[in-house]
Amino acid sequence: MVHDETDSTVPNQQPVLFQTANISNKISYNPATGDFSIPEKGIYIIHWWINVRHTDKNVSCEPRALGIELHQFWPDDVLIAHSSTHNKLTSCDTGTINGNAIFEALPGASYRFINTSGLDISLVPNDLYSATVSITRIV
């Protein structure tokens, strides 16, 4: 599991960088790149939620849906899943992006979450955490 407790900004088309890793089951996480590395081939389930706010004050709080994609980043860029806020948000509002995916991992492959909102977003702490991800090998 990884999580974040910050109100950091995630530029458009850039990876979400989580602050704290509590990794087990041989999966590693690089907080500088946002990459999760999975050493063993298998079927995995991943769950995430990320509290977000868009940071574009130039749109006069125009409502926008904000999105995150999970990509296999290495050895090839492959879209695994897309999720977005359930409602359009203004830059004055906070929403949660959550999702789940079951996927087959290649040995040594890496995965990352990408901001695909079309603009920069901020992570927004809700009580303690602004985001959390958990990955479990099921087969």
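Residues numbered from 1 in each chain as written. Predicted model: local features only at pLDDT ≥ 70, side-chain atom pairs only at ≥ 80, totals over all residues. Heavy atoms only, no water.

K.L.:
Would you mind going over the environment of V10 with me for this structure?
P.N.:
Structurally, V10 can be placed in strand 2 (residues 9-10). In this structure, the C-alpha to C-alpha distance between V10 and S122, residues 112 residues apart in sequence, is 6.0 Å. (Helix = DSSP H or I, 4+ residues; strand = E, 2+ residues; numbered from the N terminus.)

K.L.:
Which parts of the structure should I look at to understand the nonpolar core?
P.N.:
In globular proteins that are soluble, nonpolar side chains generally tend to be buried together. F18, I46, W48, F113 and V133 are the most contacted members of the largest nonpolar core, which has 31 residues in total. For this core, the elements supplying multiple residues, two or more each, are strand 5 (35-38), strand 6 (42-54), strand 7 (67-74), strand 9 (95-105), strand 10 (109-115), strand 11 (121-123) and strand 12 (131-137). Counting residues per element, this core draws most heavily on strand 6, at five residues. Setting aside its immediate chain neighbours within four residues, F113 contacts Q14, P15, V16, F18, F36, I46, W48, I68, E69, L70 and V133. (Core = buried A, V, L, I, M, F, W, Y, C linked by side-chain atoms within 4.5 Å. Buried < 20%, exposed > 50% of the residue type's maximum accessible area, 1.4 Å probe, protein only. Contact = heavy atoms within 4.5 Å.)

K.L.:
Is there a simple way to explain the packing of aromatic side chains in this structure?
P.N.:
Two aromatic rings, taken as a pair, are described by how far apart their centres are and by the angle between their planes. Applying the stated criterion to the full structure yields eight aromatic pairs. Here Y29 and F36 contribute two aromatic rings whose centre-to-centre distance is 4.7 Å and whose plane-to-plane angle is 45°, an arrangement assigned as tilted. For Y29, a relative accessible area of 12% translates into the label buried. Ring geometry for F36 and F113: centres 6.2 Å apart, planes at 85°, overall edge-to-face. Highlighted residues: F36 in strand 5 and F113 in strand 10, separated in sequence by 77 residues. The two residues F36 and F113 agree in class, both being buried. Grouped by ring-pair contacts, the aromatic residues F18, Y29, F36, W48 and F113 constitute a single cluster. It is R112 that lies over the ring of F73; its NZ or CZ is 3.5 Å from the centre. (Phe/Tyr/Trp six-rings, centres within 6.5 Å; stacked < 30°, edge-to-face > 60°. Lys NZ or Arg CZ within 6 Å of the ring centre and 35° of its normal.)

K.L.:
Explain the sheet that holds strand 5 here, please?
P.N.:
Hydrogen bonding along the main chain pairs the strands of a sheet, whether they run parallel or antiparallel. Here we have five strands laid out as an open sheet, ordered 4-5-10-7-8, and antiparallel in their pairing. Unpaired on one side and paired on the other, strand 4 (28-30) and strand 8 (78-84) mark the two borders of the sheet. Neighbour-to-neighbour, the strand axes of the sheet open up by a mean angle of 20°, direction not taken into account. Pairing of strand 7 with strand 8, which is carried by six bridges, proceeds in the antiparallel orientation. (Pairing = 2+ DSSP bridges. Axes fitted to C-alpha atoms, helices over the stretch in contact; angles between N-to-C directions.)

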